[in-house]
Amino acid sequence: MLHIGCHLSISKGFYHIGQEAKSINADTFQFFTRNPQGGKAKDIDIADVQKYSDFAKTHNFAKIVAHAPYTLNPCSDSPQTREFAQMVFADDLKRMEHVPHNYYNFHPGSHVGQGVEIGIKMIIDLLNQILTKEQTTTVLLETMSGKGSEIGSRFEELAAIIAGIDLHEKMGVCMDTCHIFAAGYDIVNNLDGVLCEFDKIIGLENLKAIHLNDSLMPLASHKDRHAKIGEGEIGQQALINFVKHPAIKNLPIILETPNDLSGYAEEIKMLRQNIEK
Ligand code: FE
Ligand code: FE
Ligand code: ZN
């Protein structure tokens, strides 16, 4: 069974988003924990979360993915920005325990000229300070396109972060197809090779979720521009093959394509038709 959904707005609460997801035949979704620029998070409405949990159980929803704000940069050169990142991260993880056993995905960060090694060390330090043995949430590092000084466009960098985490069982990876393609991993012509490399360097057991996007920009462009499925350089067939792969097909798959709800509904329908036969 394919678990697929898309990025949706949480502004009307969990129960609303659950119903919205169901209405487009999705059984998972992603949402921003607060506005993507940072800012204060809305208070969690316990009754709403309970209503959502019952709904999700009834409709066999898969794990859902919370996305950290884009401004969160654990390896900034500014101590205030790093402190802000730590505060937001810790607060989000605390709130996530109201919807336990799900995923919290973040962009590892940009080292802004300090170098990859120092950046990785700062990310590790932040995670080691806020992860707890008690948490039920798994924190996911997103694979990045490598624009600017972004960390996480090489599997080796993600592996180095996980290796430095004391509670590494609380960690995993979310693979974004647009980002890895832009980073230079050729999932069009060498899908097995890319996944084999991921397995060797990070371990496929650490791959927990997928962002399924086509890419407006070519292989190894290091530019992050999402396209609708079939309207980019990866193409519809390569993305279908990707989702069908035994290493991928049981993971929660989140579309972050430039779509409104009806556009997402169509992509979900197309993927289910191609994969569940
Ligand atoms: Fe992201
Ligand atoms: Fe993504
Ligand atoms: Zn992106």
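Everything below is about the structure printed above this text.
We now turn to the structure provided with this report. (Residues numbered from 1 in each chain as written. Chains lettered and ligands numbered in written order. Predicted model: local features only at pLDDT ≥ 70, side-chain atom pairs only at ≥ 80, totals over all residues. Heavy atoms only, no water.)

### Regarding the coordination of the zinc ion (ligand 3)
Now for step 1: His-179 (NE2), Asp-224 (OD), Asp-224 (OD) and His-226 (NE2) make up the full set of protein donors to the zinc ion (ligand 3), lying at 2.0 to 2.6 Å.
Now for step 2: Considering all four donor atoms around the zinc ion (ligand 3), the spread of angles at the metal, 52 to 137°, places the coordination shape in the irregular class.
Now for step 3: Of note, the zinc ion (ligand 3) draws all its donor residues from one chain, in the sequence arrangement H-x44-D-x1-H.
Now for step 4: Between the zinc ion (ligand 3) and the iron ion (ligand 1), the interatomic distance is 5.3 Å.
Now for step 5: You can call His-226 partly exposed: its relative accessible area is 23%. (Donors = N, O, S within 2.8 Å, 3.2 Å for Na, K, Ca; no water. Tetrahedral: all angles 85-135°; square planar, octahedral: opposite > 155°, others 65-115°. Buried < 20%, exposed > 50% of the residue type's maximum accessible area, 1.4 Å probe, protein only.)

### What to know about the packing of aromatic side chains
Now for step 1: This structure, assessed with the given rule, holds 12 aromatic pairs.
Now for step 2: For the ring pair Phe-89 and Phe-106, a centre distance of 4.9 Å and an interplane angle of 75° mean the geometry is edge-to-face. Linking Phe-89 in helix H3 (residues 79-96) with Phe-106 in strand S4 (residues 103-106), this pair joins segments that are 17 residues apart in sequence. You'll find Phe-89 and Phe-106 in the same group, each marked buried.
Now for step 3: Clustering of aromatic rings is evident, with ring pairs tying together Phe-14, Tyr-15, Phe-29, Phe-31, Tyr-52, Phe-55 and Phe-61.
Now for step 4: In this arrangement the basic side chain of Lys-63 is found over the ring face of Tyr-103, its NZ or CZ atom lying 5.9 Å from the centre. (Phe/Tyr/Trp six-rings, centres within 6.5 Å; stacked < 30°, edge-to-face > 60°. Helix = DSSP H or I, 4+ residues; strand = E, 2+ residues; numbered from the N terminus. Lys NZ or Arg CZ within 6 Å of the ring centre and 35° of its normal.)

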